[in-house]
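Each chain, letter by letter, is given below.
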There are 2 protein chains.
Amino acid sequence: MLKRVFLGRPFRSDAMGHTLLPKWIALPVFASDPLSSVAYATQEILLILTLGGVAYLHLAPWVAAAVVVLLAVVVLSYRQVVRAYPSGGGSYEVVARNIGPRAGLVVAAALLVDYVMTVAVSVAAGVDNIISAIPELNPHRVAVNVGFVVVLTAMNLRGVRESGRAFAVPTYAFIAGVMVMVVLGLTRAVLGDVPQAESAHYGIHAENVGLSTLALAFLMLRAFSSGCTALTGVEAISNGVPAFRKPKSLNAARTMSAMGALAITMFVGVTALAMISHTRVVEDTCDLIGFRGDCTRDPQRTVIAQVSAAVFGNDSFMFFYLQAATALILILAANTAFNGFPLLSSILAQDRYLPRQLHTRGDRLAFSNGVVLLALIAGGLIVAFDGSTTRLIQLYIVGVFTSFTLCQTGMVRHWNRELAATTTAAERRRVHRARLINAFGALLTGVVLVVVMVTKFTHGAYLVVIAIPVLCVLMAGIHRHYAAARAELRVEPDDDAALPSRVHAIVLVSSWHKATQRALLFARATKPDTLTALTVNIDESDTRALLAEWSTLDVDVPLKVIESPYREITRPVLSYIKQMLSNGPRDVVNVYIPEYVVGHWWENVLHNQSSLRLKGRLLFEPGVMVTSVPWQLRSTAHRDLTRIEHSPGDVRSGITRSESESLAAEKNGYAVKTAPRQ
Amino acid sequence: MLKRVFLGRPFRSDAMGHTLLPKWIALPVFASDPLSSVAYATQEILLILTLGGVAYLHLAPWVAAAVVVLLAVVVLSYRQVVRAYPSGGGSYEVVARNIGPRAGLVVAAALLVDYVMTVAVSVAAGVDNIISAIPELNPHRVAVNVGFVVVLTAMNLRGVRESGRAFAVPTYAFIAGVMVMVVLGLTRAVLGDVPQAESAHYGIHAENVGLSTLALAFLMLRAFSSGCTALTGVEAISNGVPAFRKPKSLNAARTMSAMGALAITMFVGVTALAMISHTRVVEDTCDLIGFRGDCTRDPQRTVIAQVSAAVFGNDSFMFFYLQAATALILILAANTAFNGFPLLSSILAQDRYLPRQLHTRGDRLAFSNGVVLLALIAGGLIVAFDGSTTRLIQLYIVGVFTSFTLCQTGMVRHWNRELAATTTAAERRRVHRARLINAFGALLTGVVLVVVMVTKFTHGAYLVVIAIPVLCVLMAGIHRHYAAARAELRVEPDDDAALPSRVHAIVLVSSWHKATQRALLFARATKPDTLTALTVNIDESDTRALLAEWSTLDVDVPLKVIESPYREITRPVLSYIKQMLSNGPRDVVNVYIPEYVVGHWWENVLHNQSSLRLKGRLLFEPGVMVTSVPWQLRSTAHRDLTRIEHSPGDVRSGITRSESESLAAEKNGYAVKTAPRQ
């Protein structure tokens, strides 16, 4: 039926092959967020436990162990997501396909909230670690935070080209630093030279002493919830499978395992060192007995800074090295959100839950709006919560575990379906095992979600509990709108598809110049049934001058003058066109508007405004089309129209184009194929 | 040579006759600004004199007398402007025509600054008088000020239709109130029952006691400069001559005289009563000895409030009546600036010193920008100066007297030219006398300008001295830009005016729906030399679906698919078009873009974005025109496109159109005449 004739050079389907990421680069690209969580997870556990005084700190290893188990289960679960859904849709795709679009929407909303919180928490934690090294910055905490958000926004708006190496250096530097610290610290402890944190001798004003069993259980659950921040970002790899080298799924799954092993090792190591060195952190600095300095003003150092100072020495090179690496990887994790946002938006837009233009990656305008919106909300949260990591983290975990739980549930359904289609016993056993892992993951993350909701609700999580449904409703509304428009636009078999009988061309003339001349020539070239030059009499003397000039011209097109008693343009022109169309209902009117094309944005303020308004109004009239005939003013010569624009997230979605490649495509032409009707 | 054939009904040249203003309505419409100055002029004189203590208050009548003389001279001078330049261009037109465009630009900048200051000062003074009646509002002074600016902005943005009557009521109420107060107060004084102001017994901590003669002279000059605020707005009538009934000039001149007489009477009356009742006002309330209340917080009442309380009694009906009328006329005066701004902008735009679209009154968008800008600057000044009338007034007078001086100088030149053209002795005598008045006016206002600059410079006037040149440079830049564009666009005799040889039509297709269908039909109706449907392969599966659907359609247009390896739209399409044009350099390409037309602004976010960007880029390509083929979505049915929009300033420029009138024009069609070439 359909014969495809290929014109031009064949499609370069291999064009993107060499841009894919090897595992050792993919790890830092996708894992900066989960690995950086190590920088604050231990601290959050200790903060909650010390609400009950120093006595309950011995529970920390148990809480940490629970977090490790959860982390391992979630990593295992997502390994299976990666293998089953290699398209990069991640949790959203799993849920939307297996549970349904509504649940998918909830996951999408949760993930969007997540991105916002990733920016806010990571930047705040990064600044915490900078202040731990340079306490003089403490009075300017919020300003420094906002500064980093602004820098990230600017970088992403400019579209600085990402490279895998830019991710690799700080991530591996952080991993190496933490590993060295853990090994050195534990070795020293084994050899009897136990590192002592600066806060080891501090006492703690406990708010809740002598807790009942129930209250103690609640305290442990709260500590556990806080520790779950270690799991944030684990799903990142599942969104980036397309960027891996082949075999994509396998490589992604292996990277996932490596990431999980690293995260667990570092988390356990830091927690162990914090226990050994008797590191103390509290929510309210004034609860510390023996704190040096003014507890209302001076900051406590982060757990990682205290441990590092205890192991390496307070002003040692390694201490500053580790603080710098920690701050860097945290800022990098924030940048992850700026990258992940457009990827998720693109998928949501494809499913028509977000404006369509977010789907096409080339559209920087829409994308820039996303970056600015993300920055504004995250920056607003940072300012509202005074840049306090601990307070911001309360909002973080609800979204994360909402998507975890729904994703694992979706995977269980996925395996159920697989099971129905599987016949061999070996296969069935494999699917059974996979389903078990995801079911366990779903159960565990579901329980954690409830725990997090209960323990964190009044501490700020309620904001997220409001935000997610609001986002869902908004996206559902957009979806409905698109569906309605689609239905309205569908071509029905009995739709009238007759050609218009006549075409009337009208050239709008304000004065006689090259742009008008070109519009008139172009209009005549289309050989319309009638051709009229039209001017509106806004100013009597201008019109008279135009008429006089017209009479001297070598143009055989009649110039019609419409009177405009109220000095408007739109109404008289519209009235003229309506009258024209009323004579021939099957006719169409083509209005030619000479437009100046200018090189500088501010020149647009000076030109074309009234014709743009007229045009906007003309489009409301059925039977009218509007043709812009451009005249390029000399200032357009300055415009560099060949510049390649890079979008954040390009590396993650497997797009890395060089100027030279793209210009070659430009020069050689893009492949064109024709599908003619037989 | 040129034969005009009139089509349709003849032009209703009389359409605007009955909307012109009788004198008794024109007075309040144009004079609310100068008359309202009475509310603060006396106070400003007293404020400066009391810097030298109570002793120098006896100089107030001399200062006031000087102001009265100046006011009389300026009114006489402007009477001549009105008669010589009845077109409503006012000072700007006089200066631009007689001195030159550069001087005209200075006047224009001064007037624009004036409008800003009129809003700021009038609103601040209005709020002063409200607070004098309701002192409880004092802590919220700035908020109340900003509130009024917001209300004025909203009113003017919505385009509430002005009516002469709306001006008449508060203006005549104010005049009547002040007149009753002056007559009653003076009568009581003559009868021996001298009214005593509440502040009559206050002493004053004088900063400057025992001034040297030079210092005293300087103090008097400062007081005189402040008193000159009574002259602000005097030129308003000269901008509104076209709105008067015939004989326009004569009526305007008479109204001018009436306005001058009223302003002088009220100013003298209020000043006399303030002296008689021993009213005291000082810059710093804490300098008042015996002030009741907390001098750091509680406000002094305005002079007009103190006098009115002394004459009518403190809580009398008449006191509240006069305060209400004063506040109202001041707010009305602020509204004057919102009206005057578009009128002046329109004239400046016509001379190409401001963006062209400001010239066409119908363009609400550009106009709205002006209103918002005016409100932002005036509001910003009010906030920056804490809503203090006294501090704001320092910025007011420089601009006013700059335009006065230049205008009178221009008039002297005008008469010089007239004189050269006059022959009869009687005429010559008349012109001689007119020139003498304007020369005296120019000299006097010039001296005052120097005095104001010297005495006010450090008190804030320097801001205006910076702002006026900045505005001038900006407007000159815009003018140069337009001149350059004009030169670039001029059609030269040897310009190539050959018809394009072939027209290639390209219809951009994203999917098959009614809008695409219509675009294809319209494109075919224009009978192009070639017709192609073009789609960009952004998503392989979407493209496949489109190809499959296309093959089932009853359309004999070939669908070409351009590959887009980087998922862009613009570059591949552009590359295709360039290739097409390279085959025939005299060809043109007409790109048809199906566009959705939507009824709600937010729907625009959801549609058309990528096609708009593509279009913007296509216009940079010579030999390309872009045709929008609209498809009206159902939501457009909600849009009321017949609503008449009123622009502020309509009444002043003689435009008052009713819905019925305008709809009649719509129905009957606008007059059209054709100028065919012979």
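Computed from a prediction, not measured in an experiment: that's the story for all the values here.

A.B. asks: I'd like a rundown of the overall build of chain A, residues and numbers included.
C.D. replies: Check the secondary structure of chain A and you find 22 helices and nine strands. The 678 residues of chain A split such that 51% are buried. For chain A, contacts bridging at least 24 residues in sequence account for 83% of all contacts bridging at least 6.

A.B. asks: So what's going on with the packing of helix α5 (residues 101-133) of chain B against helix α11 (residues 317-350) of chain B? Which residues, and what values?
C.D. replies: Residue and element names in this part refer to chain B. α11 packs onto α5 with a crossing angle of 165 degrees between their chain directions and a minimal axis gap of 8 Å. If you check the angle between α5 and α11, you find them roughly antiparallel. Where α5 crosses over α11, the handedness of that crossing is left-handed. Of the residues contributing to the contact of α5 with α11, the split by class is 19 nonpolar, nine polar and no charged.

A.B. asks: Please set out helix α8 (residues 213-227) of chain B residue by residue, giving values where relevant.
C.D. replies: Taking 1.5 Å of rise per residue, 15 residues should cover 21 Å, and α8 of chain B covers 21 Å from first to last C-alpha, within 8% of that figure. Those residues of α8 of chain B not exposed but buried are Leu 219, Met 220, Arg 222, Ala 223, Phe 224, Ser 225, Ser 226 and Gly 227 of chain B.

A.B. asks: Please give an account of unusual backbone geometry that cites residues and values.
C.D. replies: Cis geometry marks the peptide bond from Lys 246 of chain A to Pro 247 of chain A; its omega dihedral reads -5 degrees. Structurally, Pro 247 of chain A is set in the loop between α8 (213-227) and α9 (248-276). A positive phi is found at Asp 386 of chain A, a non-glycine position, where the angle reads about 55 degrees. Tracing the sequence through the fold places Asp 386 of chain A in the loop between α12 (364-384) and α13 (389-393). Look at His 278 of chain B: it is not a glycine, yet its phi comes out positive at around 55 degrees. In this structure, His 278 of chain B sits in the loop between α9 (248-276) and β3 (288-289). The class for His 278 of chain B is partly exposed, based on 18 C-beta atoms found within 10 Å.

A.B. asks: Account for the confidence of the model for chain A, with residues named and values stated.
C.D. replies: Residues and elements named next belong to chain A. Mean pLDDT for chain A: 83, with 88% of residues reaching 70 or above. Every residue in residues 1-18 scores below 50 in pLDDT, and together they form 25 contacts with partners more than four places removed in sequence or on other chains. Taken together, the chains of this predicted complex give a pTM of 0.72 and an interface ipTM of 0.73.

A.B. asks: How would you explain the packing of helix α2 (residues 38-49) of chain A against α9 of chain A if you had to name every residue and give the values?
C.D. replies: All names here are of chain A. For the pair α2 and α9, the least separation of the axes is 9 Å and the interaxial angle reads 45 degrees. By the angle between their directions, the pair α2 and α9 is classed as oblique. Helix-helix and strand crossings are classified by hand; for α2 and α9 the assignment is right-handed. Where α2 abuts α9, its residues Val 38, Ala 41, Thr 42 and Leu 46 lie against Ala 263, Met 266, Phe 267, Val 270, Thr 271 and Ala 274.

A.B. asks: Any details on the environment of Thr 526 of chain B? Residues and values, ideally.
C.D. replies: Topologically, Thr 526 of chain B is positioned in the loop between α17 (514-525) and β5 (530-537). According to the C-beta neighbour criterion, Thr 526 of chain B is buried, with 24 such atoms within 10 Å. Taking the C-alpha atoms as reference points, Thr 526 of chain B and Ala 505 of chain B, separated by 21 residues in sequence, lie 8.9 Å from one another. Sequence-distant contacts of Thr 526 of chain B, that is, excluding residues within four places in its chain, are made with Val 503, Thr 526 and Asn 590 of chain A together with Ala 505 of chain B.

A.B. asks: Residues and numbers for the environment of Leu 499 of chain A, please.
C.D. replies: Counting through the fold element by element, Leu 499 of chain A comes out in the loop between α16 (461-489) and β4 (503-508). Each C-alpha atom, one on Leu 499 of chain A and one on Ala 349 of chain A, is 35 Å from the other, the two residues being 150 residues apart in sequence. Beyond its immediate sequence surroundings of up to four residues, Leu 499 of chain A is in contact with Leu 521, Arg 524 and Ala 525 of chain B.

A.B. asks: For the pairing of strand β6 (residues 559-563) of chain A, give the residues involved together with the corresponding values.
C.D. replies: All names here are of chain A. In terms of burial, β6 is a largely internal element, four of the five residues being buried. Two elements, strand β5 (residues 530-537) and β6, share five bridges in a ladder whose sense is parallel. Bridging across to β6, Asn 537 finds its partner in Glu 563. The β-α-β motif built from β5, the intervening helix α18 (residues 540-551) and the parallel element β6 has right-handed crossover chirality.

A.B. asks: Help me get a handle on the pairing of strand β8 (residues 624-632) of chain B, residues and values and all.
C.D. replies: All names here are of chain B. For β8, a buried count of eight out of nine residues is recorded, marking the element as mostly surrounded by other parts of the structure. In terms of strand pairing, strand β7 (residues 588-597) meets β8 through nine bridges, oriented parallel. Pairing of Val 591 across the sheet is with Val 626, part of β8.

A.B. asks: Can you break down the environment of Val 73 of chain A residue by residue, with the values?
C.D. replies: Within the secondary structure, Val 73 of chain A sits in helix α3 (residues 60-84). The spatial distance from the C-alpha of Val 73 of chain A to the C-alpha of Thr 302 of chain A is 28 Å, given a sequence separation of 229 residues.

Parameters and conventions
- Residues numbered from 1 in each chain as written.
- Chains lettered and ligands numbered in written order.
- Predicted model: local features only at pLDDT ≥ 70, side-chain atom pairs only at ≥ 80, totals over all residues.
- Helix = DSSP H or I, 4+ residues; strand = E, 2+ residues; numbered from the N terminus.
- Buried ≥ 20, exposed ≤ 12 C-beta atoms within 10 Å, placed from the backbone.
- Contact = placed C-beta atoms within 7 Å.
- Axes fitted to C-alpha atoms, helices over the stretch in contact; angles between N-to-C directions.
- Parallel < 35°, antiparallel > 145°, perpendicular 65-115°, else oblique.
- Left-handed = near helix turned anticlockwise from the far one by under 90°.
- Nonpolar A, V, L, I, M, F, W, Y, C, P; charged D, E, K, R; others polar.
- Expected span 1.5 Å × (residues − 1).
- pLDDT = per-residue confidence, 0-100.
- Pairing = 2+ DSSP bridges.
- Right-handed = clockwise from strand over helix to strand, strands pointing away.

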